[in-house]
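Residue-level listing of the chains:
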Amino acid sequence: RKWHATPRNQRGNCALCVLMHLLDFHKSIIFTLLKTGKLWRILMEIQVNGYNIRYKISGDGPKNAVILQGWGTTMEVYDSIKNILVDKYRVIQMDLPGFGSSDEPKEPWGAKEYSDFTLDFLHEIGVKEAVFIGHSYGGRIIINLASREDIPINMTKLLLIDSAGILPTKTK
């Protein structure tokens, strides 16, 4: 059994402990449930392409909204945007590889690698259609995805906030 320590150092038999015990068979996903108002926010960790990625899903709307963070930030920075969307959307946020609590890439990545990874992550959690919101480097990832001819996800709307662009290929 998995237990957590209470303030008095006693065993706690809370719903989270029971859930963690039930999910102990699947070591690659860690759930943390937090009651925030009328919604449960789920913090999770999943392994994608050999990287442990921390992410959360908030809200229970019929449509998905994916928020991609700016360079050097964590997903929590965008909780104010998430809070506006949770009544109408299922909001998906992640710490990109190398940021927050997610694993560092094994070698330096550019927009293409982060874009490929974003598609792999969304595939792993079963997202086929979403509104995309990107700040700074997150916007660069979205621009890279939207410029592709064959993309396995339907990008229904794009919202770019102070987004970095894509550099054109240099000619000689």
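The structure we're discussing is the one just above.
On a predicted model such as this, the values are computed, not experimentally measured, just so you know. (Residues numbered from 1 in each chain as written. Predicted model: local features only at pLDDT ≥ 70, side-chain atom pairs only at ≥ 80, totals over all residues. Heavy atoms only, no water.)

Student: Even after reading the chapter, I still don't get the packing of aromatic side chains, so can you show me in this structure?
Tutor: To describe a pair of aromatic rings, you give the distance between the ring centres and the angle between the ring planes. Under the definition given, this model contains 9 aromatic pairs. Here the aromatic rings of Trp 71 and Tyr 114 are separated by 6.1 Å at their centres, their planes lie at 85°, and the arrangement is edge-to-face. Note that Trp 71 is positioned in the loop between β6 (63–68) and α2 (79–85) and Tyr 114 in helix α3 (residues 111–124), a separation of 43 residues in sequence. Given a relative accessible area of 4%, Tyr 114 falls into the buried group. Ring plane angle 75° and centroid distance 5.0 Å describe the contact between Trp 109 and Tyr 114, whose orientation is recorded as edge-to-face. Each member of the pair, Trp 109 as well as Tyr 114, is classed as buried. Here the aromatic cluster, defined as three or more aromatic residues joined through ring pairs, consists of Tyr 51, Trp 71, Phe 99, Trp 109, Tyr 114, Phe 117 and Tyr 137. Between the NZ or CZ atom of Lys 106 and the centre of the ring of Tyr 51, over which it lies, the distance is 4.2 Å. (Phe/Tyr/Trp six-rings, centres within 6.5 Å; stacked < 30°, edge-to-face > 60°. Helix = DSSP H or I, 4+ residues; strand = E, 2+ residues; numbered from the N terminus. Buried < 20%, exposed > 50% of the residue type's maximum accessible area, 1.4 Å probe, protein only. Lys NZ or Arg CZ within 6 Å of the ring centre and 35° of its normal.)

Student: Explain the pairing of strand β7 (residues 89–94) to me, please; I cannot follow it from the model alone.
Tutor: Side-chain positions along a regular strand alternate between the two faces of the sheet. Judged by how many residues are buried, β7 sits mostly within the fold: 5 of 6 residues are covered. Here 4 bridges tie strand β5 (residues 51–58) to β7, and the two strands are oriented antiparallel to one another. Considered in β7, the bridge of Ile 57 is made with Ile 92. Here β6 pairs with β7 via 5 bridges, running parallel. The residue of β7 that forms the bridge with Lys 63 is Tyr 89. With α2 bridging β6 and the parallel β7, this β-α-β connection has right-handed handedness. (Pairing = 2+ DSSP bridges. Right-handed = clockwise from strand over helix to strand, strands pointing away.)

Student: What's the story with the nonpolar core in this structure? I'm lost.
Tutor: Where a protein is soluble and globular, its nonpolar side chains tend to be buried together. Judged by nonpolar contacts, the single largest core of 30 residues is most densely connected at Tyr 55, Met 94, Phe 117, Phe 121, Leu 122, Ile 125 and Phe 132. Counting residues per element, this core draws most heavily on α3, which supplies 6 residues. Ignoring sequence-local partners within four residues, the contact set of Phe 121 consists of Ile 46, Val 48, Ile 53, Tyr 55, Ile 92 and Met 94. Among the nonpolar cores identified, the runner-up in size contains 9 residues, and Ile 67, Val 86, Val 91 and Val 131 belong to it. (Core = buried A, V, L, I, M, F, W, Y, C linked by side-chain atoms within 4.5 Å. Contact = heavy atoms within 4.5 Å.)

Student: It is not clear to me how empty space enclosed by the protein should be interpreted in this structure. Could you clarify?
Tutor: Using a probe with the size of a water molecule, rolled over the atoms, empty space left in the structure can be pinpointed. Taken as a whole and judged by the stated rule, the model has 1 cavity of 30 Å³ or more. Considering only enclosed or pocket space, the largest cavity measures out at about 30 Å³ in volume. Lining the largest cavity are Ile 67, Leu 68, Tyr 78, Ile 81, Ile 133, Gly 134, His 135 and Ile 161. Of all the elements in the fold, those that place two or more residues in the lining of the largest cavity are β6 and β8 (129–135). If you tally residues by element for the lining of the largest cavity, the top one is β8, at 3 residues. Here the residues of the lining of the largest cavity sort into 6 nonpolar, 2 polar and no charged. (1 Å grid on protein atoms, 1.4 Å probe; cavity = no way out; pocket = protein on both sides within 12 Å on 5 of 7 lines; lining within 4 Å. Points joined across faces, edges and corners; volume = space filled by probe spheres on them. Nonpolar A, V, L, I, M, F, W, Y, C, P; charged D, E, K, R; others polar.)

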